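Notes for the structure review
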Amino acid sequence: MAFTCATGKHRRPSRVMRTTTNAVGVAALTTTGVIGALTTPAFAAGDPVQQTGLMQAVTLGDSVAQKIDAQAAAQRQAAEQKTAEQAARVRAAVKAAQEREAKERAAREAERRRLNAYVAPISHSYVSTGYKTGGSLWSSGTHTGIDFRAGTGTPVHAVGSGTVVETGWGGAYGNQIVIKMNDGTYTQYGHLSSIGVSVGETVTPGRQIGLSGATGNVTGPHLHFEARTSPEYGSDIDPVAYLRSHGVNV
């Protein structure tokens, strides 16, 4: 069968077909946004970046970056402050330790000086009878110590640090105490009305060891004080020179 349309000229599409095609094309352009873009004043004004949203993206990116920078700066500042506070605490701890050590060292030195110090055996008194004073009152013919003026019951003090080696009745000395001093010498305290220490007890400078009195061979209450090289009678040395050599003004 032969078709006449195959050998004749192409016929122009009908009006109905053209209208349908145009409608489809316009719809497609509208859907893709071309017509809208072409007809908007913004596109005609030449501002495609804003219209497409690129400027908003850039602005948003800058805002996020600024926030990140601000957070980083805040974190650095906080870290620096924390480091500074830790350093301050360390410095304060070191300073406190140094001050504590200095106080302890000063206290030890003060205690060392106190223990090495010497005092008079009777406070606010004076020597009433000197060393080597002669007379019949003493069996050796001379005074083997010095006498400090003191009424009965006056506190008697250890002149320095040492250990008690003898207490009790000492014949002509009456009630007595003998102390071995830390420097190896000995001190003796006689005619006491009361004894307040025991053999083996350690004493420090100024420690009250008894009370003065008038026991033994005496004419009245006082304190007899001797400095010796041994605990025995007859090893006496000049007690005034002894005390003065240790800083005691008598």
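**What to know about the overall build of the protein**
The number of helices and strands found in the protein is 6 helices and 10 strands. Taking all 250 residues of the protein together, the buried fraction comes to 23%. Long-range contacts, defined here as pairs at least 24 residues apart, represent 58% of the contacts in the protein between residues at least 6 apart. Working note: accessible area of the protein is about 16,200 Å², and carbon and sulfur atoms make up 58% of it.

**Comments concerning the pattern of salt bridges**
Evaluation of the coordinates by the stated rule reveals 7 salt bridges. Note that Lys-132 is salt-bridged to Asp-236, the shortest N-O span being 3.7 Å. Separated by 104 residues along the polypeptide, Lys-132 in the loop between strand S1 (127-129) and strand S2 (146-149) and Asp-236 in strand S10 (residues 236-237) bring together distant segments of the chain. For Arg-228, the salt bridge is made with Glu-226, and the minimal N-O distance between the two is 2.9 Å. Classification of Glu-226 as buried rests on a relative accessible area of 0%. Here the residues in one salt-bridge network are Glu-109, Arg-112 and Arg-113, joined through shared partners.

**Concerning the confidence of the model for the protein**
Looking at the protein, the pLDDT average stands at 83 and 75% of residues meet or exceed 70. Segment residues 1-10: pLDDT under 50, and 0 contacts once partners within four positions in sequence are set aside and those in other chains are kept.

**Thoughts on the nonpolar core**
Core analysis: the biggest nonpolar cluster contains 24 residues, and Ile-177, Ile-179, Tyr-189 and Ile-209 have the highest contact counts within it. Here Ile-209 is in contact with Val-156, His-157, Ala-158, Ile-177, Ile-179, Tyr-189, Ile-195, Gly-196, Val-197 and Val-203, once residues within four sequence places are set aside.

**A short note on unusual backbone geometry**
Negative phi values dominate among residues other than glycine, just as trans dominates among peptide bonds. Unusually for a residue other than glycine, Lys-132 sits at a positive phi of about 70°. A positive phi angle, near 65°, is found at His-191, a position not held by glycine. With respect to the helices and strands, His-191 occurs in strand S6 (residues 186-195).

**Things to note about the pairing of S6**
Burial within S6 is extensive, with 7 of its 10 residues counted as buried. Where strand S5 (residues 175-181) lies against S6, 5 bridges are found, and the strand directions are antiparallel. Of the residues in S6, the one forming a bridge with Ile-177 is Tyr-189. If you look at the hairpin formed by S5 and S6, you'll find 4 residues sitting between the two strands, and Gly-184 has a positive phi there, around 95°. In this sheet, strand S9 (residues 222-228) lies alongside S6 in antiparallel orientation, the contact comprising 5 bridges. Bridging from a neighbouring strand, Gly-190 pairs with His-224 of S9. Inspection of the sheet shows S6 paired to strand S8 (residues 208-212) by 3 bridges, in the antiparallel sense. Each bridged residue has a counterpart across the sheet, and for Ser-194 the counterpart in S8 is Leu-211.

**What about the environment of Ser-123?**
Topologically, Ser-123 is positioned in the loop between helix H5 (54-116) and S1. Overall, Ser-123 belongs to the partly exposed group, its relative accessible area being 42%. Sequence separation between Ser-123 and Gly-206 is 83 residues; the distance between their C-alpha atoms is 9.3 Å.

**Notes on the pairing of S9**
Counting buried residues along S9, 7 of its 7 residues qualify, which places the element largely inside the surrounding structure. As paired strands, S2 and S9 are joined by 4 bridges and run antiparallel to one another. Across the sheet, residue Asp-147 finds its bridge partner in S9, namely His-224. In the sheet, S9 pairs with S10 via 2 bridges, with the strands oriented antiparallel. Paired with Arg-228 across the two strands is Asp-236, which belongs to S10.

**What to know about the side chain of Gln-188**
The topology assignment puts Gln-188 in strand S6. On the basis of relative accessibility, which here comes to 0%, the residue Gln-188 falls in the buried class. A polar atom in the side chain of Gln-188 sits 2.8 Å from the side chain of Gln-176.

**Topic: the environment of Glu-201**
Tracing the chain through its elements places Glu-201 in the loop between S6 and strand S7 (202-203). A sequence separation of 22 residues divides Glu-201 from Ile-179, and the C-alpha atoms of the two residues are 9.4 Å apart. Not counting residues within four places of it along the chain, the set of residues in contact with Glu-201 comprises Gly-162, Thr-163, Val-164 and Arg-207. Within the local environment of Glu-201, its side chain forms a polar contact with the backbone nitrogen of Ser-198, the two atoms lying 3.0 Å apart.

Here is what the cut-offs are and how they apply
- Positions within a chain are numbered from 1, following the residues in the order the chain's sequence is written.
- Where totals are concerned, whole chains, interfaces and linings use all residues; where local detail is concerned, this predicted model gives features only for residues with pLDDT of at least 70, and gives and counts side-chain atom pairs only at 80 or more.
- Just so you know, side-chain values use all the structure's heavy atoms and leave hydrogens and water out.
- Per the convention used, a helix needs a DSSP run of H or I reaching at least four residues, while a strand needs a run of E reaching at least two, with both numbered from the N terminus.
- Partly exposed describes any residue whose relative accessible area lies between the buried limit of under 20% and the exposed limit of over 50%, with all areas from a 1.4 Å probe on protein chains only and scaled to the type maximum.
- Every residue pair with non-hydrogen atoms within 4.5 Å of one another is taken to be in contact.
- The method behind every accessible area is Shrake-Rupley, applied with a 1.4 Å probe, and residues are considered shielded solely by the protein chains displayed.
- A carboxyl oxygen of Asp or Glu within 4 Å of a side-chain nitrogen of Lys or Arg is what we treat as a salt bridge.
- A residue's pLDDT is the predictor's confidence in that residue, given on a scale from 0 to 100.
- Buried Ala, Val, Leu, Ile, Met, Phe, Trp, Tyr and Cys residues form a nonpolar core when they are joined through side-chain atoms within 4.5 Å.
- Here, strands pair whenever DSSP counts at least two bridges between them.
- Whenever two N or O atoms come within 3.5 Å, that pair is a polar contact, provided that in protein one can donate a hydrogen and the other can accept it, and provided that, for residues adjacent in sequence, both atoms are side-chain atoms.

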